[in-house]
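# Observations on chain architecture
For reference, the chains in residue letters:
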There are 4 protein chains.
Amino acid sequence: MTTGDEIVDATFTALYEHGYADLTMAAIGEEFDKSTSLIHYHFDSKEDLLATCLETILDGFLDDLEHDPEADPADRLLRLAELVVGGAGDDGVDEFHTALLELRAQAPYDEALREQLARNDAVWRDHIAEIVRDGIEQGRFREVDPENFAALFRSAIEGAQSHNVILGEDAPCEEAMAGIEELLIRELLVEDDRTGDAAS
Amino acid sequence: MTTGDEIVDATFTALYEHGYADLTMAAIGEEFDKSTSLIHYHFDSKEDLLATCLETILDGFLDDLEHDPEADPADRLLRLAELVVGGAGDDGVDEFHTALLELRAQAPYDEALREQLARNDAVWRDHIAEIVRDGIEQGRFREVDPENFAALFRSAIEGAQSHNVILGEDAPCEEAMAGIEELLIRELLVEDDRTGDAAS
Amino acid sequence: MTTGDEIVDATFTALYEHGYADLTMAAIGEEFDKSTSLIHYHFDSKEDLLATCLETILDGFLDDLEHDPEADPADRLLRLAELVVGGAGDDGVDEFHTALLELRAQAPYDEALREQLARNDAVWRDHIAEIVRDGIEQGRFREVDPENFAALFRSAIEGAQSHNVILGEDAPCEEAMAGIEELLIRELLVEDDRTGDAAS
Amino acid sequence: MTTGDEIVDATFTALYEHGYADLTMAAIGEEFDKSTSLIHYHFDSKEDLLATCLETILDGFLDDLEHDPEADPADRLLRLAELVVGGAGDDGVDEFHTALLELRAQAPYDEALREQLARNDAVWRDHIAEIVRDGIEQGRFREVDPENFAALFRSAIEGAQSHNVILGEDAPCEEAMAGIEELLIRELLVEDDRTGDAAS
DNA sequence: GATGAATGAGAGTTCATTCAT
DNA sequence: AATGAATGAACTCTCATTCAT
């Protein structure tokens with residue numbers, strides 16, 4: 001692990017612990033086992049460091065996407081939802097989601113950040129739409145508009161994730177997942193398929 | 001309008017313009033036509049001021065909820081979605097949504113804020129569930145679980161709103177609204193009703 | 001004395017004591033009986049403060065210029081030389097000259113500063129040339145080129161002043177003043193006048 | 001060219017470009033084709049490096065002095081003046097003069113530097129006085145005090161040089177040279193010599 | 001209520017220098 | 001000889017807050 005990676009990791013930890021508004025170079029330095037000024041040797045500025053962090057986190061989530069056109073499309077959607085929403089309680093995952101929400105909320109004030117997020121969002125929606133198209137081709141899904149479904153599905157899972165991060169224990173986590181499963185995914189299935197559950 | 005209200009207004013404007021992380025008392029003072037130090041006379045601290053702001057904004061949105069059990073339930077859901085998501089472009093509304101996202105992202109670091117948001121969230125979900133129950137009673141909606149639908153619907157419209165704020169022009173605003181209308185709301189309707197549109 | 005003036009004074013003292021390169025806001029703060037951060041309340045930046053200081057010092061020297069066309073022109077030149085060169089030993093004066101040399105040496109790197117100095121220089125040379133013209137009109141001075149003499153005279157007295165500041169005790173202060181008096185000023189006199197001393 | 005010399009050269013360039021106050025080891029390192037930390041291998045400290053630089057520059061100017069007792073003394077003085085003052089526009093020369101002014105302004109805060117400059121100044125004045133004595137012996141110059149003239153002449157040419165560096169294009173370069181030539185040097189000549197120009 | 005002045009803690013960043021290789 | 005990594009002190013400047021009026 002390079003020093004640069006260690007700094008990025010320390011930044012995530014500090015971001016999760018202090019929040020974006022109270023994220024100081026000193027706080028990052030405390031999570032990092034070398035001196036705070038070394039951070040400036042490896043990154044031009046705090047801004048530069050945060051951009052690198054965001055890139056890392058977004059790429060990390062993209063790496064988790066599965067690309068298996070053969071698999072059951074309803075299962076694929078469900079796994080996607082669980083990946084994004086279900087993390088609650090999972091320590092390492094919550095940390096990333098919290099950090100990500102912080103960075104997202106900064107987007108209106110930082111064009112570079114906004115572009116990064118927009119690119120990432122496009123990849124996610126393409127991925128979802130692709131699953132829907134696969135399902136339709138396989139005759140498992142009804143003929144819905146894949147782009148509209150993708151936008152809706154992504155809004156729903158991200159909204160649910162945000163609620164988990166924001167509300168913590170008070171988040172309606174189970175209801176949201178149940179809603180996604182029964183009212184979004186299962187509704188896609190053609191009549192014949194409904195005899196079996198979308199999620200087992 | 002009391003001085004306190006003027007300060008709260010100035011804070012919204014400053015929050016929208018600078019973002020939470022860069023929100024300074026001086027910035028608020030600039031939006032306010034009296035001196036910055038007067039703010040400290042009316043509010044104990046910045047934290048106190050922000051809590052008051054959040055309360056104001058959440059109550060304001062709650063006031064917008066319509067309580068008309070007679071109205072068409074699909075229309076009521078649609079209007080709710082438009083209220084939350086559709087604001088994009090509407091200047092005054094965007095401003096509040098952006099400020100709200102900022103404050104939401106702070107919740108993991110501020111218990112009082114988290115409680116306020118949790119209470120507000122509960123009110124919204126109750127409201128949605130109530131509409132669903134009304135729809136079922138009227139025989140217009142299928143017999144879905146109102147709580148699950150409420151959690152899903154709220155996640156979807158808030159997720160879409162967040163995307164608008166975060167991505168700006170790159171947000172898939174129309175697809176998300178179309179998805180909500182066609183794939184969430186219309187799917188609630190019993191077979192007979194589907195001949196007409198959910199939204200007129 | 002306003003707070004602003006006190007800060008400018010503290011800056012002169014600190015500049016004299018530490019030199020431009022080692023002039024820190026903290027050092028200025030130490031010469032100032034209020035807090036260092038207050039300096040930033042009264043001046044936008046260190047640069048702004050230094051510009052104000054330079055303006056103050058240059059205007060102060062200009063105020064010392066005597067405008068008395070009736071006086072003996074040789075005496076007027078001599079007093080000018082003493083004002084600029086002769087200060088050595090005079091504590092308050094040395095302090096200003098040292099500070100001024102520091103600021104002058106910065107001119108190649110600061111356009112605003114360079115312009116200030118250029119304007120000031122023009123005023124001095126005009127003043128000297130005016131004395132020469134008065135002397136010629138009165139028939140006391142030979143017909144020399146007033147502009148050339150002014151440039152030479154100013155170079156000579158400023159060069160001598162710089163030597164005082166730079167070399168301290170090793171500066172050839174007396175020889176330089178004697179040279180200015182006997183070889184620059186007295187040479188201006190028409191033959192008849194030379195029986196008396198240029199300086200009384 | 002040894003590595004040490006290369007470093008000294010890089011230091012001059014950096015000093016000219018950034019000014020003494022903003023002269024950093026990193027800036028020197030950029031002008032130097034090897035690494036910044038290598039500078040610390042060859043010089044104990046920044047201070048040590050700058051002392052070496054000053055020595056180099058002062059010796060360099062001394063090497064330019066001509067020692068030709070047979071030559072016309074007025075011409076010798078004039079060439080001296082041109083050497084010191086006339087460089088304006090000459091790129092390489094300006095660079096050295098600017099760097100030198102920077103270092104001179106530091107003298108009040110650095111004893112070693114002050115001594116170096118005092119020794120150098122003494123050499124220059126001796127040289128000028130020597131020319132004057134030669135001129136008097138040859139019967140070309142009037143019987144003026146050589147030491148006083150030397151102090152005056154050196155002040156005048158250094159003052160003019162400083163003005164060139166400080167004021168740049170606004171410096172009264174031509175007037176100063178004309179003044180030196182006509183009012184300092186020519187005035188030294190005995191009556192008979194004045195029929196010819198001091199400078200041919 | 002209302003203000004401008006004042007404060008002290010702490011922010012991000014720079015920099016001469018040292019160290020391990 | 002030569003380098004990139006690392007350090008700690010110090011720098012300018014900001015900011016929420018307080019004080020005197």
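Calculation criteria
Residues numbered from 1 in each chain as written. Chains lettered and ligands numbered in written order. Predicted model: local features only at pLDDT ≥ 70, side-chain atom pairs only at ≥ 80, totals over all residues. Helix = DSSP H or I, 4+ residues; strand = E, 2+ residues; numbered from the N terminus. Buried ≥ 20, exposed ≤ 12 C-beta atoms within 10 Å, placed from the backbone. Least-squares fit on C-alpha atoms with pLDDT ≥ 70 in both. Contact = placed C-beta atoms within 7 Å. Near = placed C-beta within 6 Å. Domains from an automatic or database assignment. Nonpolar A, V, L, I, M, F, W, Y, C, P; charged D, E, K, R; others polar. Core = buried A, V, L, I, M, F, W, Y, C linked by C-beta atoms within 7 Å. Expected span 1.5 Å × (residues − 1). Axes fitted to C-alpha atoms, helices over the stretch in contact; angles between N-to-C directions. Parallel < 35°, antiparallel > 145°, perpendicular 65-115°, else oblique. Left-handed = near helix turned anticlockwise from the far one by under 90°.

Here the focus is the overall build of chain A. A tally of regular secondary structure across chain A gives nine helices and zero strands. When the helices and strands of chain A are listed from N to C terminus, the series reads α-α-α-α-α-α-α-α-α. Considered along the principal axes of its C-alpha atoms, chain A spans approximately 65 × 30 × 30 Å. Looking at chain A residue by residue over its 200 residues, the buried ones come to 42%.

On to the relation of the copies chain B and chain A. Least-squares fitting of chain B to chain A yields an RMSD of 0.1 Å, with the superposition described by an axial translation of 0.0 Å and a rotation of 180°. What we have between these two chains is a two-fold relation. The fraction of interface residues of chain B whose copies in chain A are also interface residues reaches 100%, indicating that both copies meet through the same surface.

This brings us to the protein's contact with DNA strand F. Inspection of the region around DNA strand F gives 28 residues, with Lys34 and Ser37 of chain A, Thr24 of chain C together with Lys34 and Ser37 of chain D positioned closest. It is helix 3 (residues 36–42) of chain D that contributes the most residues to the surface near DNA strand F, four residues altogether.

Let's shift gears to the domain arrangement of chain A. Residue and element names in this part refer to chain A. On domain assignment, one finds that chain A holds domain 1 (1–43) and domain 2 (50–192). Computed from C-alpha atoms alone, the centre-to-centre distance between domain 1 and domain 2 is 28 Å. Between domain 1 and domain 2, the residue contacts involve eight residues of the former and ten residues of the latter. Looking at the side of domain 1 that touches domain 2, its residues break down into six nonpolar, two polar and no charged.

Contacts to DNA strand E come from 29 residues, most closely from Thr24 of chain A, Lys34 and Ser37 of chain B together with Lys34 and Ser37 of chain C. The set of elements that each furnish at least two residues to the surface near DNA strand E consists of helix 2 (25–31) and helix 3 (36–42) of chain A, helix 3 (36–42) of chain B, helix 3 (36–42) of chain C together with helix 2 (25–31) and helix 3 of chain D. Element by element, the count of residues in the surface near DNA strand E is highest for helix 3 of chain B, at four residues.

Our focus in this paragraph is the relation of the copies chain C and chain D. Overlaying chain C with chain D gives an RMSD of 0.1 Å, the required rotation being 180° about an axis along which the chain moves by 0.0 Å. Mapped onto chain D, 100% of the interface residues of chain C are again interface residues, and the two copies thus contact each other with one and the same surface.

It is worth spelling out the nonpolar core at this point. In terms of nonpolar packing, the biggest core is built from 116 residues, with Leu152 of chain A together with Leu152 of chain B touching the most fellow members. Those residues in contact with Leu152 of chain A that lie beyond four places of it in its chain are Ala156, Ala176, Gly179, Ile180, Leu183 and Leu184 of chain B. Core analysis: the second largest hydrophobic core is formed by 115 residues, Ile28, Ala156, Ile180 and Leu184 of chain C among them.

Between chain B and chain A, the contact holds 45 residues from the first and 45 residues from the second. Put simply, the parts of the chain that give the side of chain B that touches chain A at least two residues each are helix 6 (91–106), helix 7 (111–137), helix 8 (146–167) and helix 9 (173–185) of chain B. Residues belonging to the side of chain B that touches chain A are distributed by class as follows: 24 nonpolar, ten polar and eleven charged.

Given 3.6 residues per turn, any residue in an α-helix points the same way as the ones three and four places further on. Spanning 27 residues, helix 7 (residues 111–137) of chain C covers 39 Å between terminal C-alpha atoms, matching the ideal 39 Å at 1.5 Å per step. For helix 7 of chain C, every residue scored as buried is listed here: Leu117, Asp121, Trp124, Arg125, Ile128, Ala129, Ile131, Val132 and Gly135 of chain C.

Here we come to helix 9 (residues 173–185) of chain A. Helix length check: helix 9 of chain A, at 13 residues, gives a terminal C-alpha distance of 17 Å against a target of 18 Å (1.5 Å per residue), a fit within 8%. Burial of helix 9 of chain A is extensive: ten of the 13 residues sit out of reach of the surface. When we look at burial in helix 9 of chain A, the residues that qualify are Cys173, Glu175, Ala176, Met177, Gly179, Ile180, Glu181, Leu183, Leu184 and Ile185 of chain A. Where helix 9 of chain A is buried, its residues meet helix 5 (73–85) and helix 8 (146–167) of chain A together with helix 8 of chain B.

On to the environment of Arg186 of chain A, then. Residues and elements named next belong to chain A. Inspection of the secondary structure puts Arg186 in the segment after helix 9. With 17 C-beta atoms packed within 10 Å, Arg186 lands in the partly exposed category. With 116 residues separating them in the primary sequence, Arg186 and Glu70 have C-alpha atoms 19 Å apart.

This paragraph deals with the packing of helix 7 (residues 111–137) of chain A against helix 8 of chain A. Relative placement of two packed helices is described by the angle separating their axes and the distance separating the axes. Residues and elements named next belong to chain A. Where helix 7 meets helix 8, the closest approach of the two axes is 8 Å, and the angle between their N-to-C directions is 125°. Relative to helix 8, the element helix 7 is oriented oblique. Here helix 7 runs over helix 8; the crossing is right-handed. Here helix 7 contributes Trp124, Arg125, Ile128, Ala129, Val132 and Arg133 to the contact with helix 8, which in turn contributes Pro146, Glu147, Phe149, Ala150, Ala151, Phe153 and Arg154. The residue makeup of the contact of helix 7 with helix 8, split by class, is nine nonpolar, no polar and four charged.

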